[in-house]
Amino acid sequence: MSKFDKYFLMTAEDAAVYAQEKLPRIPWDKESVQAKEIGDGNLNYVFRVFDDKGNSVIVKHAGEALRISAEMKVSTDRNRIESEILMLQDQYAEGLVPKIFMYDTVMCACIMEDLSEYQLMRYALMEHKTFPHFAEDISTYMVNTLLRTSDVVMEHKAKKDLVKSFINPELCEITEDLVLTEPFNDVNHRNKVFPPNMEFVKKELYEDTALHLEAAKIKFDFMNNAQALLHGDLHTGSIFVTQEKTKVFDPEFAFYGPMGYDIGNVIANLIFAWNNGHAYGKGSFCEWIVHTIEEVTDLFIQKFRIAYDRYVNDYMAKTEGFREHYLGTVLADTAAFAGTELLRRTVGMAQVKDITSIEDANKRVYAERVNILSAKKYIMNKHAYKRGADFVCTLFQAAEEAR
Ligand code: SR1
Ligand code: MG
């Protein structure tokens, strides 16, 4: 009998006992083992368990209510989804995700590699640090995890088994509401609009019916295009970085959806960092961000073509011209979902510190308008985005128009 045979919400002390019980192969120094809660996400509890001998692991634990709102309840099965997908992604994109040591569907917890030497990318970018390997790493991660879980590469019945295993209705519903509905209408009255931008938001988002039609198309693409096994929440708070390495974690929103959702999230979150750098007059940082947006996109395209030719299995997917057609749809989706991420983090209930921490109200107003204006262009002209420079060009146009 163990106290962990039945689910309960763990404290840090429980997590310390839990890690020792579940990982007895680690030579824990029992006298000095302790745990600290270090999570700052919207959903889960994250404990670092460590001792004085240098042993340490991370225990991630799903509560029945979300941290962001006690009223929001989401299945704790999200912890299984996250653990299983990280184990799978470790095969496709080795070294780019944390190692999972064990997961447990009773306590809805997993124990993974401690990445204490890494920094959360969002906070690093808010300190205007740059990362020379990021574009290379994230493009490899995305091509390998997305293309190689798609129907063009996988045996179709095996792919459908994965679709089944990663059905994630409750977390998808959060995205369907927060990302793909509410930014356009505040239908659930929980948007958080910065008051000086209220009139701008009403005119540009709530009253733009042409935008609503495009947004509706994007929403149903998200819900019905089971193209690849997505991370599902690939923002800079889901990425750890050092100067040499990158690790993508926290894929609890994983499901089979359009590849562009992940790529668009990365681009949008780089734009949040650009806005923060711009507000604080960090010119060379902003140049690095611009260069990185371009590189992430162009490296993705380049590696996608190589991987496609190498791994494609489906007979019809080998048809002359199909690779470029397929890539074209992925890039259009990328633009569309970069747009929806930019909007939801600017006016929706789950915002980003890159923008909300801008102290000067005028500069924050400006940053938000850059987000909104670039988002609308990405959404309305999604088929025009063919390479990295196209994404950057829109950012510059929006930055000019927002003045
Ligand atoms: C209610 S959860 C709010 C947001 O946090 C997660 O990280 C996802 O981005 C979600 O949309
Ligand atoms: Mg998260």
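This next bit is on helix α11 (residues 322–347). In this model α11 runs 38 Å from its N-terminal to its C-terminal C-alpha over 26 residues, within 8% of the 38 Å that 1.5 Å per residue would give. Within α11, 20 of the 26 residues are buried, which leaves the element mostly enclosed by the surrounding structure.

Our next topic: the environment of H278. In this fold, H278 is placed in helix α9 (residues 260–279). Taking the C-alpha atoms as reference, H278 lies 10.0 Å from Y366; in sequence the two are 88 residues apart. Leaving out residues up to four positions away in the same chain, H278 has contacts with C286 and Y366.

Let's shift gears to the packing of helix α8 (residues 209–224) against α11. Packing of α8 against α11 leaves a shortest axis separation of 11 Å and a crossing angle of 110°. In this view, α8 runs roughly perpendicular relative to α11, as classed from their interaxial angle. Counted together, I218, D221 and F222 of α8 and D333, A336, F337 and T340 of α11 form the full contact between these two elements. Counted by class, the contact of α8 with α11 contains 4 nonpolar, 1 polar and 2 charged residues.

This brings us to the sheet that holds strand β2 (residues 45–50). The antiparallel open sheet is built from 5 strands, whose spatial order is β1-β2-β3-β5-β4. Among the strands making up the open sheet, the edge pair consists of β1 (34–37) and β4 (100–104). On average, each strand axis in the sheet is inclined to that of its neighbour by 20°, with strand direction left out of account. One ladder, built from 4 bridges, connects β4 with strand β5 (residues 109–113); its direction is antiparallel. Within β5, the position partnered with I100 by the bridge is M112. Taken strand by strand, helix α1 (residues 12–22) contacts β1, β2, β3 (56–61), β4 and β5, and its axis lies near 60° from that of β2. Running over the sheet, helix α2 (residues 78–92) touches β3, β4 and β5 and is turned about 150° from β4.

To continue, consider the site of ligand 1. The local shell around ligand 1 holds 13 residues, among which N42, L43, D233, R344 and R345 are the closest. Contact between ligand 1 and D233: an oxygen atom at 2.7 Å from a side-chain N or O atom of the residue. Side-chain polar atom of R344 to an oxygen atom of ligand 1: 2.8 Å apart, as the coordinates give it. Considering ligand 1 on its own, with 320 Å² of exposed area, one finds that the protein chains cover 96% of that surface. Put simply, the parts of the chain that give the shell around ligand 1 at least two residues each are α6 (169–178) and α11.

About the criteria used
- Residues numbered from 1 in each chain as written.
- Chains lettered and ligands numbered in written order.
- Predicted model: local features only at pLDDT ≥ 70, side-chain atom pairs only at ≥ 80, totals over all residues.
- Heavy atoms only, no water.
- Helix = DSSP H or I, 4+ residues; strand = E, 2+ residues; numbered from the N terminus.
- Expected span 1.5 Å × (residues − 1).
- Buried < 20%, exposed > 50% of the residue type's maximum accessible area, 1.4 Å probe, protein only.
- Contact = heavy atoms within 4.5 Å.
- Axes fitted to C-alpha atoms, helices over the stretch in contact; angles between N-to-C directions.
- Parallel < 35°, antiparallel > 145°, perpendicular 65-115°, else oblique.
- Nonpolar A, V, L, I, M, F, W, Y, C, P; charged D, E, K, R; others polar.
- Pairing = 2+ DSSP bridges.
- Near = heavy atom within 4 Å.
- Polar contact = N/O pair within 3.5 Å; in protein donor to acceptor, adjacent residues only side chain to side chain.
- Areas by Shrake-Rupley, 256 points an atom, 1.4 Å probe, with all protein chains shown as cover.

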